[in-house]
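# Structure assessment
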Amino acid sequence: MKTAWFDRDTLPFAMLNTGAKPLAESDHFPSLNECFEKVRDQHTLLDLGCGAAEVFETFNTFEYIGADLPHIIDHVAKKKNPTAEFIYFDANTDSYEFLSSYDVVLMNSFISEVPDWYRVLSNILHYSDNFVVIHRQEVTSRPSYLQDYKTYGSLTTIKSVINYDDLKNMFVMNGYDILHEILSFPGNNTQKTFLLKKTR
């Protein structure tokens, strides 16, 4: 299922011209920062679905690699952060084995943008070997579901809203402990941020 993220015409320009606050000034930064404070002694950071690679600018003590679709890397991430390192990655078709090379794997509103979220997250959890940060993931007490919404450039795309208990069970099944769990946005119970550590 193709989402708005595969759009090559409207999306890159819209991502570069959002008018949004920088990550470090956003209302969801404190929750993400809490997780990174707990892994500050780690060296390598893989930013899956990096978009404009704001994480590179904000958490600059890591050896950073951003991963995203080729047109997003070439026309968004490299324009915003030309000194950062990037690799092309399509979660629908590419191997996940390279994830094992990184100390921290970050997904900042990434799994929520993937309709096939169960397969993708299962692969990420399987191949990651150390810390995983899941930030701004929409959760629900209902069964998991897909929902249309408008993203950059008013493009219609799909978000995955995941059952909270199912998500936590996936962590356990793949050998992870939850080191830290927090609301992504103050007062918003529908979006969660998790710091996971593979222990088994």
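Structure: see above.
Structural notes, computed from the coordinates.

## Regarding helix α4 (residues 70-80)
What α4 keeps buried is the set H71, I72, I73, V76 and A77. At its buried positions, α4 is contacted by α1 (11-16), β2 (63-68) and β3 (85-88).

## Regarding the environment of S109
Locating S109 in the fold gives a position in the loop between β4 (104-108) and α5 (117-127). Leave out the neighbours within four places in its chain, and S109 touches H135 and R136. Within polar-contact distance, the side chain of S109 engages the side chain of S112 at 3.4 Å.

## Remarks on the environment of F110
Mapped onto the secondary structure, F110 falls in the loop between β4 and α5. On the accessibility criterion, F110 (13% relative accessible area) is buried. Separated by 26 residues in sequence, F110 and R136 place their C-alpha atoms 8.4 Å apart. Other than its neighbours up to four places away in sequence, F110 contacts L48, G49, A91, V120 and I124.

## Considerations on the pairing of β3
Alignment of β2 against β3, held across four bridges, turns out to be parallel. Residue A67 lies in a different strand from β3, and its bridge partner there is I87. Handedness of the crossover is the feature at issue here: the chain leaves β2, passes through α4, returns alongside β3, and the resulting connection is right-handed.

## Digging into the nonpolar core
L48, M107, F110, I111 and I124 are the most contacted members of the largest nonpolar core, which has 29 residues in total. The biggest single contributor to this core is α5, with five residues. Counting 22 residues, the second-largest nonpolar core is a separate cluster that includes V39, A53, V55 and F62.

## With respect to helix α6 (residues 164-173)
When we look at burial in α6, the residues that qualify are L167, M170 and F171. All buried residues of α6 fall inside an arc of 100° around its axis, so they share one side. Of the residues in α6, the exposed ones pointing more than 90 degrees away from the buried face are V172 and M173. On the buried face of α6, the contacting elements are α5, β5 (131-140), β7 (156-163), β8 (176-183) and β9 (191-198).

## Brief notes about the packing of α5 against α6
It is at 10 Å that the axes of α5 and α6 come closest, and there the two elements cross at 30°. Here α5 is positioned roughly parallel relative to α6, judged by the angle of their axes. Considering how the two elements wind past one another, α5 and α6 form a crossing that is right-handed. Two secondary-structure elements touch here, α5 through W117, Y118, L121, S122 and L125 and α6 through L167, M170, F171 and M173.

About the cut-offs
- Residues numbered from 1 in each chain as written.
- Predicted model: local features only at pLDDT ≥ 70, side-chain atom pairs only at ≥ 80, totals over all residues.
- Heavy atoms only, no water.
- Buried < 20%, exposed > 50% of the residue type's maximum accessible area, 1.4 Å probe, protein only.
- Helix = DSSP H or I, 4+ residues; strand = E, 2+ residues; numbered from the N terminus.
- Contact = heavy atoms within 4.5 Å.
- Polar contact = N/O pair within 3.5 Å; in protein donor to acceptor, adjacent residues only side chain to side chain.
- Pairing = 2+ DSSP bridges.
- Right-handed = clockwise from strand over helix to strand, strands pointing away.
- Core = buried A, V, L, I, M, F, W, Y, C linked by side-chain atoms within 4.5 Å.
- Arc of directions from axis to C-beta.
- Axes fitted to C-alpha atoms, helices over the stretch in contact; angles between N-to-C directions.
- Parallel < 35°, antiparallel > 145°, perpendicular 65-115°, else oblique.
- Left-handed = near helix turned anticlockwise from the far one by under 90°.

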